Amino acid sequence: MFYYVLKYVLLGPLLRLLFRPRAEGLEHLPVKGAAIVAGNHMSFADPLLMPAVLKRRITFLAKAEYFTTPGPMGRLIALVLCGAGQISVDRSGRAAAQAAIREGLGVLMKGGLLAIYPEGTRSPDGRLYKGKVGVAVIALDAHVPVIPCAMVGTFQIWPPGRVLPRWRPIVIRFGEPLDFSRYAGMEHQKAVLRAVTDEITYAILRLSGQEYVDRYAADVKAGQAQGRRRRSSTAPALRSGPNGRPL
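As a starting point, this report considers the structure included with it. (Residues numbered from 1 in each chain as written. Predicted model: local features only at pLDDT ≥ 70, side-chain atom pairs only at ≥ 80, totals over all residues. Heavy atoms only, no water.)

1. Topic: the packing of aromatic side chains
Here is step 1: Per the counting criterion, the structure on display carries four aromatic pairs.
Here is step 2: Here F44 and W158 contribute two aromatic rings whose centre-to-centre distance is 5.6 Å and whose plane-to-plane angle is 65 degrees, an arrangement assigned as edge-to-face. You can see F44 sitting in the loop between strand 2 (35–39) and helix 3 (46–49) and its partner W158 sitting in the loop between helix 7 (154–157) and strand 8 (171–174), a full 114 residues away along the chain. Accessibility assignment for this pair places F44 and W158 in one class, buried.
Here is step 3: An angle of 35 degrees between the planes, with centres 5.9 Å apart, marks the rings of F60 and Y117 as tilted. (Phe/Tyr/Trp six-rings, centres within 6.5 Å; stacked < 30°, edge-to-face > 60°. Helix = DSSP H or I, 4+ residues; strand = E, 2+ residues; numbered from the N terminus. Buried < 20%, exposed > 50% of the residue type's maximum accessible area, 1.4 Å probe, protein only.)

2. Structural notes on a nonpolar patch on the surface
Here is step 1: Taken together, the side chains of F2, Y4, Y8, V9 and L10 present a nonpolar region at the surface, about 500 Å² in accessible area.
Here is step 2: When you line up the elements, Y8 lands in helix 1 (residues 2–10).
Here is step 3: Exposure remark for Y8: the relative accessible area of 47% places this residue in the partly exposed category. (Patch = residues over 30% accessible without salt bridge, like charges linked within 9 Å, V, L, I, M, F, W, Y side chains within 5 Å. Areas by Shrake-Rupley, 256 points an atom, 1.4 Å probe, with all protein chains shown as cover. Salt bridge = Lys/Arg side-chain N within 4 Å of Asp/Glu carboxyl O.)

3. So, the pattern of salt bridges
Here is step 1: In the structure shown here, the tally under the stated rule is six salt bridges.
Here is step 2: Of the charged contacts, one joins R22 and E24 as a salt bridge, the two residues approaching to 2.8 Å between their closest N and O atoms.
Here is step 3: Residue class for R22 comes out partly exposed when judged on its relative accessible area of 46%.
Here is step 4: In this structure, R173 engages E24 in a salt bridge whose closest nitrogen and oxygen atoms are separated by 2.8 Å. You can see R173 sitting in strand 8 and its partner E24 sitting in strand 1 (residues 22–24), a full 149 residues away along the chain.
Here is step 5: Assessed through its relative accessible area of 23%, R173 is described here as partly exposed.
Here is step 6: Classification of E24 as partly exposed rests on a relative accessible area of 24%.
Here is step 7: Connected through salt bridges with shared partners, the residues R22, E24 and R173 form a single ionic network.

4. Structural notes on the nonpolar core
Here is step 1: In this structure, I36, I138, V146, F180, V196 and I200 are the most contacted members of the largest nonpolar core, which totals 31 residues.
Here is step 2: Of all the secondary-structure elements, those providing two or more residues to this core are strand 2, strand 4 (87–89), helix 5 (94–109), strand 5 (113–116), helix 6 (134–142) and helix 8 (190–208).
Here is step 3: With seven residues, helix 8 is the largest single contributor of residues to this core.
Here is step 4: In contact with V196, not counting residues within four places along its chain, are A136, L140, F180 and Y183.
Here is step 5: The next biggest cluster of nonpolar side chains, apart from the first, holds 28 residues, and it includes M50, L54, I58 and Y117. (Core = buried A, V, L, I, M, F, W, Y, C linked by side-chain atoms within 4.5 Å. Contact = heavy atoms within 4.5 Å.)

In structure tokens, the structure reads:
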């Protein structure tokens, strides 16, 4: 119930006013029945704006950090996601990942729409990164179509490090459903999971027009964080003069 209050009364009208989201390819989404919407992940705005243009309810597999982000905006996002029944994904280990897959399959078994970000985290620089195979595992286990989706412009309105978003129009573009029934019975083969994930990623790439990077975004972010820590630890300390001021 709260999902529809947010969508039609509290949050949806405000989002549509501020960002004027334009949806393209809505005809590719099924009117009823289970399906996965797999999209690029550019900013905090993505899981807020996509539901605003859809008639059907959609459930996101959202990383746990979205529910614990500090600050007023972080608390607002957590409130919205929790109130809308979105699923928190703990990425701390294999067991946690399996639990997230079970949750996603539960949504699909009930005939719902499930949104997944194959990259697993927000893009650090607006490029499209290598997809993780969780989306393929769920798609093949549930035997459902995958609709690729491109969020266009959300990185520009709310890039990493920016506290508040810019108020600019964005586009949400949906592509033709991808059918993976040809892989029936092969859902436990690593090569098949990789092939399915790459096909989904390529479909997103064609819709978004982003530059592709054949690396996991999480690894890139970890490398950047390590570099910042290294630079911080090796920075020379400032010497102070008699008056306490730096020399």
